Structures are given as structure tokens and as C-alpha cells.
Amino acid sequence: MSLTIKVHIAAHFHLNLRTAKQAKLTDYNVKIRPKPIYHSNQLIAFQPKMSAAVQSASSAIQSSLIEPDGGVLVDLVVRESERGLRTTEAESMPKVKLTKIDLEWVHVVSEGWASPLRGFMRENEYLQSLHFNCLRMKDGSIVNMSLPIVLAIDDETKERIGSSTNVALLGPTGDLIGILRSIEIYKHNKEERIARTWGTTAAGLPYVEEVITPAGNWLVGGDLEVLKPIKYNDGLDHYRLSPQQLRKEFDNRQADAIFAFQLRNPIHNGHALLMNDTRRRLLEMGYKNPILLLHPLGGFTKADDVPLDVRMEQHSKVLEDGVLDPETTIVSIFPSPMHYAGPTEVQWHAKARINAGANFYIVGRDPAGMGHPTEKRDLYDPDHGKKVLSMALGLEKLNILPFRVAAYDTVEKKMAFFDPSRAKDFLFISGTKMRTFARSGENPPDGFMCPGGWKVLVQYYESLQAEEATQQPAILTC
């Protein structure tokens, strides 16, 4: 696997060295444990020891070195003192029922991951996002917005809304979630949306089949108000830190650089090598306390991806085994659904981390990509994601450093940076190969993954196979 970290360096070597800054929910049928490994997020519990002088000045320290898009972090959760009044108001409005993935987008927008977006997109915002991958602000500035964040409704719901200017949003179980105000309803051209987002309309795109194909023929946009913070009650809510909470944690740790690493797969030692080497290089560049934001994607993923709860337990074992340092790592869940839209989607992933306060972003080979759904090839060129990030409008303030390819060194028996002069000594183990090892109970080469993390994966696939066996129809003989 090849990973790259991008750095935007101007001709005069400006590195954004700013100091004090002024101002689905997926159903998983297989569970490998009855309760979460942590009841509170122990992976953010570390607080550095500070002298009295430093403590007295700590309120002035602002270690989140990058401004959110638009200059202000959006927070659309209604104040508790106003919740009762807004709830009463919402009960009298026409209702729009949300899917599980719609609810994930409500979560994303309400916490400010998509700042400065303040709700589901109206048509002007949708067209800018779809055709230009960015939004133009009133002051003429540009912010990146590569994925349309929209809410689809069907003909019946459109009729029910009628001429109302506000609608109430109901969760998948019928509970009142929020309000969408000053709404605009416009046509949902699915083919155009799919073609421009994925670059193909081939059958088999996971997000398209799950979300877009069954969706209604209309989109409704408006200003969002969420009655209370979105919770999933799945034992993992303590990992779902908002951008505001993450920025506060970075400040508490007095971080002077934040480097984010997104993944939707289990962590192997090649990932860890790259993350640890990133920190080493940042220290060599003069940073004193770079902090890793280990940020697994927690929204909708395709059926054959490892479920979120299993991934989170595997990640915790990686830190328990000392592969990554808990004192310089924050583990948090990124609530966005996954599109598998390659270079288009990786811009969204990077933009959201800006809003969380990260000023460095690690990007790998074929980020947000997948195999072509109908042909035996990658859907996207594996190098295009990192190239697009280096040129994307609205991402100029995000920093990136280049990295070499990491692979398994069969001589040293560990993950190492690939050395072309002895290419025959290196083994490339893909995610597919890793899952095949785990399913079959075969151990990967020593040094590929920490033992605790590998055990979690094996247990998951064993439980999956056991469930599949119980679902096989009985064969009667006579």
C-alpha cells in the first residue's frame, strides 16, 4: 500500500505556522463482543503535565492552527433552553421521514463537518457542488464542497408539504429529529448526479444502490436545526467527537500540528509505520507536539467492509499493544457515509478534517476508491486522488508530505518502506488478501499486524462464518 501526505509549501516556505489564532447507521448482524471495550474514550484521556506558569497562560493557547471553512464552525444543535419550544413548533409542521443514511448526514451537517453549509443544499448550492466541487461565498471566497449533501423526497411527501416553508424531520423510528426551514424543492436528476459524482453510471455502485436508486425524484433543501445531538446508542458514541470537541482536545494537549489519517479498514503495521514516520518528520520540521487524529469513517460502508464496532475494537488493540502511542493519538469516529467516489470524495474527506482543526492530511493510494463494479480493474487511477488534492480549489491551506510505498519486508520480517533495489524481498498484502487470511484462519506474516488486532479480525470472521452456517437450509435425505 502506498500512502502520501501532502504539504502545501509556498515559494517562501510558508508552512501555516500560526500560533495563537484570533478569532448508515449500518445494521450489523454479527457482534463479537457483548459490550464496547471502553465505556469512555480512554484514548483521549491523556493530559500533558504543565507548570503553573503554563497553566495560567493555557487559556490563551489556540493549537487548532487552521480556521474552519467560512471562518466560523457551524453548530446547528438547538440550545437546551429552546428545545421544548422548537419541539412544539415542529410537531405542527409537515413531516419528512429520514433514512438511516439521511440521519448520518444530519449528524455531519449539524456538527459543522461541512461548514459553512448550514443545512441540506438548495439548488444553487447543489449545482455548484455537482459541477464545480466547491461553493462560492458571499464575499467571493471559495470553499471546497465536492459531494452534494442533499435530502431526497418522493412525490407523496412533496404533495404533503404543499406550500409550507418549513418541515419537521423524523428519524427512521419516527422520533422528532429537527426542522428544515425556508425550504426549496427541486428536481432530483439521478443520472446526472451519479455520472458527475462517480464518473460512471455502471450498475453496482454501493452508495448509488443503497441511497440514490431507491430515493425520491425530488430534493428538498433548507436551513437545518437539530433538536438535540445525534446519538446512536451503539456503545460507540463516546468516540464520536464533534469538530468543536476535537479542537478543544487539541488545545488541551497544546498541539502545534494535527495530522489526520482516515481509514475504513483495520490498521496493519504498514499504516502504523507511515503514521509514526509522519510524526517523526514533523518533529524534524520543528514542531514540538504533533498529534495524530486517527479518524475511521463511521457512516455507511459497503457490505463486505469490516463493521465499525469490529474496526474500533481492532484499533484499540493497536494502541494497547503499543503500535501507536495513546499519548500522541486521538481516536475518533468520522460520522460521514462512504460514497467510494475516489478523487471526488477524497476532497470531502480532506475538507471535513480542516473543519475539525487538522492542518496535515495523510492520503494514500486510491483514496476512497474501489474496484470497478462490472470490470476487473480499479474504478479510478490509484494516483489521481493525491494529485487532485494538490490542486483542489478550497483546500490550499491543507498541508501534505510525500511518502514512499510501504510493504512487508520478508528479510526483516516487518512492514518497511519499499526498496526497489531489492524488490524481490517485499510482499504486498492487499486488503482483500488480509481479509482472506482472516476468513481462513491463516496467520499473516509475523510483523504484519499486532497480535491483539489480528485476533479481533479472526474472531469476527469466525462468528460470521458460524452465523452463515446456521442460516444454511437443512438437507433432508430419505
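Before reading on, note that the structure itself is shown above.
Below is a short write-up of the structure.

What counts, and where the lines are drawn
Residues numbered from 1 in each chain as written. Predicted model: local features only at pLDDT ≥ 70, side-chain atom pairs only at ≥ 80, totals over all residues. Heavy atoms only, no water. Helix = DSSP H or I, 4+ residues; strand = E, 2+ residues; numbered from the N terminus. Expected span 1.5 Å × (residues − 1). Buried < 20%, exposed > 50% of the residue type's maximum accessible area, 1.4 Å probe, protein only. Salt bridge = Lys/Arg side-chain N within 4 Å of Asp/Glu carboxyl O. Arc of directions from axis to C-beta. Contact = heavy atoms within 4.5 Å. Phe/Tyr/Trp six-rings, centres within 6.5 Å; stacked < 30°, edge-to-face > 60°. Lys NZ or Arg CZ within 6 Å of the ring centre and 35° of its normal. Pairing = 2+ DSSP bridges. Axes fitted to C-alpha atoms, helices over the stretch in contact; angles between N-to-C directions. Core = buried A, V, L, I, M, F, W, Y, C linked by side-chain atoms within 4.5 Å. Parallel < 35°, antiparallel > 145°, perpendicular 65-115°, else oblique. Left-handed = near helix turned anticlockwise from the far one by under 90°. Nonpolar A, V, L, I, M, F, W, Y, C, P; charged D, E, K, R; others polar. Right-handed = clockwise from strand over helix to strand, strands pointing away.

### Concerning helix α11 (residues 342-356)
Owing to its 3.6 residues per turn, the α-helix aligns residues three or four sequence positions apart on the same side.
Part 1: With 15 residues, α11 ought to run about 21 Å at 1.5 Å a step, and its terminal C-alpha atoms sit 21 Å apart, in line with that.
Part 2: Counting buried residues in α11 gives 15 out of 15 residues, a clear majority hidden from the surface.
Part 3: Immediately beyond the C-terminal end of α11, within one or two residues, lies G357, with a positive phi of roughly 105°.

### Topic: the pattern of salt bridges
Part 1: Following the criterion strictly, the structure yields 24 salt bridges and no others.
Part 2: Note that E225 is salt-bridged to R86, the shortest N-O span being 2.8 Å. Here E225, found in strand β9 (residues 218-226), pairs with R86, found in helix α2 (residues 80-91); they are 139 residues apart in sequence, far enough to count as distant. Residues E225 and R86 agree in their burial class; the two are buried.

### Details of the environment of K351
Part 1: With respect to the helices and strands, K351 occurs in helix α11.
Part 2: Between the C-alpha atom of K351 and that of K397, which follows or precedes it by 46 residues, the distance is 10.0 Å.

### Points about helix α6 (residues 190-198)
Part 1: When α6 is considered as a whole, its buried residues turn out to be K190, R193, I194, T197 and W198. All buried residues of α6 lie within an arc of 95° about the axis, which places them on one face of the element.
Part 2: For α6, the secondary structure elements touched by its buried residues are α4 (123-132), α7 (206-212) and α11.

### A few points about the side chain of T197
Part 1: Positionally, T197 belongs in helix α6.
Part 2: The residues touching T197, leaving out its near neighbours within four places in the chain, are L130, L147, P148, H339, A341 and T344.

### Some thoughts on the packing of aromatic side chains
Part 1: The full count for this structure, using the stated rule, is ten aromatic pairs.
Part 2: Considering the side-chain rings of W105 and W348, the 6.0 Å spacing of their centres and the 55° angle between planes classify their relative orientation as tilted. Residue W105 is located in helix α3 (residues 100-111), and its partner W348 is located in helix α11; the two are separated by 243 residues in the primary sequence.
Part 3: Taking relative accessible area as the criterion, W105 reaches 3% and is therefore assigned buried.
Part 4: When the centroid spacing of 5.5 Å and the interplanar angle of 55° are considered together, the rings of F418 and F428 count as tilted. On the criterion of sequence distance, the pair formed by F418 in the loop between β15 (414-417) and β16 (426-427) and F428 in the loop between β16 and α13 (431-440) is long-range, its members being ten residues apart.
Part 5: Classification of F418 by relative accessible area gives partly exposed; the value is 22%.
Part 6: For F428, a relative accessible area of 45% gives the class partly exposed.
Part 7: Among the aromatic residues, those joined into a ring-pair cluster are W105, W113, F334 and W348.
Part 8: Between the NZ or CZ atom of K158 and the centre of the ring of W218, over which it lies, the distance is 4.6 Å.

### Observations regarding the sheet that holds β16
Part 1: Reading across from one edge, β15-β14-β16 is the order of the three strands in this open sheet, with antiparallel pairing throughout. Among the strands making up the open sheet, the edge pair consists of β15 and β16.
Part 2: Here four bridges tie strand β14 (residues 406-409) to β15, and the two strands are oriented antiparallel to one another. Across the sheet, the residue bridging to Y408 is M415, located in β15.
Part 3: Seen against the sheet, helix α9 (residues 269-284) touches β14 and β15 and runs at an angle of roughly 50° to β15.

### Side note on the nonpolar core
Part 1: Counting residues in each nonpolar core, the largest one holds 79 residues, and the members touching the most others are I149, L180, W198 and W348.
Part 2: Once residues within four sequence positions are removed from consideration, W348 is found in contact with W105, V108, W113, A114, N144, S146, L147, I149, F334 and S336.
Part 3: The next biggest cluster of nonpolar side chains, apart from the first, holds 23 residues, and it includes L263, A272, L308 and V318.

### Some points on the packing of helix α10 (residues 308-320) against helix α14 (residues 451-470)
Part 1: α14 packs onto α10 with a crossing angle of 160° between their chain directions and a minimal axis gap of 7 Å. Classed by the angle they form, the pair α10 and α14 counts as roughly antiparallel. The crossing of α10 and α14 is right-handed. Residue-level contacts link V310, E313, Q314 and K317 of α10 to G452, G453, V456, L457 and Y460 of α14.
Part 2: Residue composition of the contact of α10 with α14, grouped by class: four nonpolar, three polar and two charged.

### Focus: unusual backbone geometry
Part 1: Omega for the peptide link from S115 to P116 comes to 10°, which places this bond in the cis form.
Part 2: Here P116 lies in the loop between α3 and β3 (119-120).

### Some details on the environment of P172
Part 1: Checked against the element boundaries, P172 lands in the loop between β7 (167-170) and β8 (176-187).
Part 2: On a C-alpha basis, the gap between P172 and K97 in space is 6.7 Å, while along the polypeptide they are 75 residues apart.
Part 3: The contact partners of P172, leaving out residues within four places of it in the chain, are K97, L98, T99, K100 and L103.

### Considering the pairing of strand β11 (residues 290-296)
Part 1: Of all seven residues making up β11, seven are buried, and the element is well covered by its neighbours.
Part 2: Burial of the side chains of β11 extends over both faces: P290, L292, L294 and P296 are buried on one face and I291, L293 and H295 on the other.
Part 3: Taken together, the seven bridges between strand β10 (residues 257-263) and β11 define a ladder with parallel strand orientation. Bridging across to β11, Q262 finds its partner in H295.
Part 4: Following the chain from β10 across α9 to the adjacent parallel β11, one finds a crossover that is right-handed.
Part 5: Sheet topology note: the β11/strand β12 (residues 329-331) ladder contains three bridges and is parallel. Note on β12: the bridge partner recorded for L292 is T329.

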